[in-house]
Amino acid sequence: MKQLLFLLLLFLCISCVKEEEKLASMEVKTDAVAFIEIRNSIDGITLWDHKTDTIYPNEKNEFLFTKDIKIPEFVSIKIGDTRLNSILLPGKKVKITSLDSTYVFEGTNKAGMQFLNDVERPNFYMSESNKYKNDTTAVQVTKKMETLKVAELKKLQKLVKDQEIDAEFEKILKQEIDYFYALRTSQIVTVKQYGKTPIAADLILLIDETVQKYPLETSYKTSTWSMYAETILKEKRTYDVLTEGTITKDTLSSFYKRDALHPFYYNMISSYENKEVAEKAAATYIISEAKQRKFEKSLISVYEQFQKDFPNSIYESYLTPDIDEIREYYVKISGEMPASVKFYENENIASLNDLLSDLKGEKYYVDLWATWCSPCKREFKHNDELNILLKEKGYKKLYISLDKPEQRAKWKQDIKYFDLSGLHLLASKKFFVDFETNHSLADGYITIPQYLIIDATGNLVTNNAPRPSQMEKLREFL
């Protein structure tokens, strides 16, 4: 009996050790911050900022984080103003230490972790997209991608040769590289449908070959997996139905105007044959669109359909708060416009200089925005503090919207919802062209949000003022 009891206890101890070995951990040593934030995944994917753990230090000024995982997981760490990327491995610890006002990785794969943070991978915004607009053949696209990819692979192979990373970590970094360039290849091709349809047959074949080589069905979800899934399941499938003649570009335009575009895209994504992939991609799509804060009512019905399609989904509770905010939006905009909101009467004014001439005698902090601009609206959460600062410094607030005339109702709804006290102008087409030519921070197009300072004599002090989220810089500037 005693022998049996001993064996049972031994088995339990071994089981506990095996269970502990699955725990991935992270240790950050610094005395420069009060807390750190670790954004990690929910069953393999990151849902915006919904799984962010705030970690406080112990008595040794160590920030310790553990997570029970079965496969590697990509995470991002925010230490004050510093952002780092890392990969958690089952049963292993990632160490980060402050050194001369920067942060360095320690341990077996420290060089690999640094490689993950050093690679330059710009987002596929307009400036990046324009680099490939003249690439009309698969050979041209492939050649550019291979040149960039090979350069990264050579750096990785040097780490392997110098034994600075282990075999497991090499495999993960190789997958990160492979899937990033699979994403970029598919982005380069699918964006061309917005200029001309159909796209050259060899380019479409290139996407098909890319997806076959780097499928969505993969256990480790790389840092770019969600974007890759959306590009294939939304953008590529949209192209497919356009070329089949099922819909036209006018149909898509009609969907957008009637707020029916989200159900259309959701149905394509959620109908993917692999239900695990479909669930993850659909959840990512809903949260990404809700976070744009355009408050489309159709997202509520899409969310309700998601509940039916994927009952008891682990992602449902993470989507709910953002959908509830959309519901609250429609309650709030049913009220009256705040008395502190004023509208500039001459909407046909043709230039910023004409506007400034008309506003002489007052100092203005100018916010260039639009209802479709998510970063613009994220800045609004700082408005209470901003309004106090501007009043203290004798400035008034001027909002210039770049929305099209048909978005007038939406423009006024957002002003009401965000309590945008101040003077408002809906820019005319002539005003837009003048601003793009003479005052934009980009060459040939406008990037928003953009902030300007106007003095009491009607002169433009700067067209690149600090943002509301940069409150201390703005205070110093004013």
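This structure is a prediction, so every number in the text was calculated from the model and none was measured.

Participant: What's the story with helix α10 (residues 275-290) in this structure? I'm lost.
Facilitator: It helps to recall that an α-helix has 3.6 residues per turn; residues three or four apart then point in one direction. Between its first and last C-alpha, α10 extends 22 Å over 16 residues, near the 22 Å set by a 1.5 Å rise per residue. A distance of 3.1 Å separates the backbone nitrogen of Glu276 from a side-chain oxygen at the start of α10, and that oxygen is part of Asn274.

Participant: What's the story with the environment of Ser340 in this structure? I'm lost.
Facilitator: The residue Ser340 is located in the loop between α12 (316-332) and β9 (341-343) in this model. Once the C-alpha coordinates of Ser340 and Ser421 are considered, the two residues, 81 residues apart in sequence, prove to be 5.0 Å apart. Those residues within four positions of Ser340 in sequence are excluded, and the remaining contacts are Ser421 and Gly422.

Participant: Which parts of the structure should I look at to understand the sheet that holds strand β6 (residues 82-88)?
Facilitator: As a general point, the strands of a sheet are linked pairwise by backbone hydrogen bonds and lie either parallel or antiparallel. Pairing is antiparallel across the open sheet formed by 4 strands, whose spatial order is β3-β2-β5-β6. Each of the sheet's edge strands pairs with one partner strand only, and the pair in question is β3 (52-55) and β6. In this sheet, neighbouring strand axes are inclined to one another by 25° on average, regardless of whether the strands run parallel or antiparallel. The pairing of strand β5 (residues 73-79) with β6 spans 7 bridges and is antiparallel. Bridge assignment links Val75 to a residue of β6, and that residue is Ser86.

Participant: For this particular structure, what's the right way to read the pairing of strand β10 (residues 363-369)?
Facilitator: Within a regular beta strand, the side chains point alternately toward one face of the sheet and then the other, so they alternate between its two faces. With respect to burial, β10 is a largely interior element, 6 of its 7 residues being buried. When β10 meets strand β11 (residues 395-401), the two strands line up parallel, connected through 7 bridges. Residue pairing in the sheet places Val366 in a bridge with Leu398 of β11. Bridging between β10 and strand β13 (residues 450-454) involves 5 bridges; their strand directions are antiparallel. Within the sheet, the bridge partner assigned to Tyr364 lies in β13 and is Ile454.

Participant: Where do I start with the nonpolar core in this structure?
Facilitator: Nonpolar side chains in soluble globular proteins tend to be buried together. Counting 133 residues, the largest nonpolar core has Met26, Ile96, Leu355 and Ile400 as the members making the most contacts within it. For this core, the leading source of residues is helix α5 (residues 167-190), giving 11 residues. Residues within four places of Ile400 in sequence aside, it is in contact with Leu352, Leu355, Val366, Asp367, Leu368, Trp369, Leu425, Ala427 and Phe431. Formed by 10 residues, the second largest nonpolar core is a distinct cluster that contains Leu386, Leu390, Tyr451 and Ile453.

Participant: What should I look at first to understand the environment of Tyr318 in this one?
Facilitator: One can find Tyr318 in helix α12. Between the C-alpha atom of Tyr318 and that of Phe432, which follows or precedes it by 114 residues, the distance is 38 Å. Those residues in contact with Tyr318, other than ones at most four positions away along the chain, are Ile42, Leu47, His50, Lys51 and Ile287.

Participant: How do you make sense of the pattern of salt bridges when you look at a structure like this?
Facilitator: With the rule as written, the count across this model stands at 33 salt bridges. The residue Lys236 makes a salt bridge to Asp208 at a minimum N-O spacing of 3.5 Å. You can see Lys236 sitting in helix α7 (residues 225-244) and its partner Asp208 sitting in helix α6 (residues 201-213), a full 28 residues away along the chain. Look at Lys236 and you get buried, because its relative accessible area is 10%.

Participant: I'm lost on the sheet that holds strand β8 (residues 102-106) in this one. Help?
Facilitator: If you walk across this open sheet you meet the 4 strands as β4-β1-β7-β8, and the pairing is mixed. Two strands bound the open sheet, and with one partner strand each, they are β4 (62-68) and β8. Within the sheet, the average angular offset between the axes of one strand and its neighbour, ignoring direction, is 20°. Where strand β1 (residues 23-29) and β4 come together, 7 bridges link them in antiparallel fashion. Its bridge partner lying in β4, Lys29 is registered against Glu62. Contacting β7 (93-99) and β8, helix α2 (residues 110-118) runs over the sheet at an angle of about 135° to β8.

Participant: What am I meant to see in a negative patch on the surface here?
Facilitator: Residues Asp384, Glu385, Glu472 and Glu476 make up a contiguous surface patch of negative charge. Broken down by secondary-structure element, the contributors of at least two residues to the negative patch are α15 (383-393) and α18 (471-477). Topologically, Glu476 is positioned in helix α18.

So, how was this worked out
- Residues numbered from 1 in each chain as written.
- Predicted model: local features only at pLDDT ≥ 70, side-chain atom pairs only at ≥ 80, totals over all residues.
- Heavy atoms only, no water.
- Helix = DSSP H or I, 4+ residues; strand = E, 2+ residues; numbered from the N terminus.
- Expected span 1.5 Å × (residues − 1).
- Polar contact = N/O pair within 3.5 Å; in protein donor to acceptor, adjacent residues only side chain to side chain.
- Contact = heavy atoms within 4.5 Å.
- Pairing = 2+ DSSP bridges.
- Axes fitted to C-alpha atoms, helices over the stretch in contact; angles between N-to-C directions.
- Buried < 20%, exposed > 50% of the residue type's maximum accessible area, 1.4 Å probe, protein only.
- Core = buried A, V, L, I, M, F, W, Y, C linked by side-chain atoms within 4.5 Å.
- Salt bridge = Lys/Arg side-chain N within 4 Å of Asp/Glu carboxyl O.
- Patch = residues over 30% accessible without salt bridge, like charges linked within 9 Å, V, L, I, M, F, W, Y side chains within 5 Å.
- Areas by Shrake-Rupley, 256 points an atom, 1.4 Å probe, with all protein chains shown as cover.
- Lys, Arg positive; Asp, Glu negative; His and termini not counted.
- Charge placed at Lys NZ, Arg CZ, Asp CG, Glu CD.

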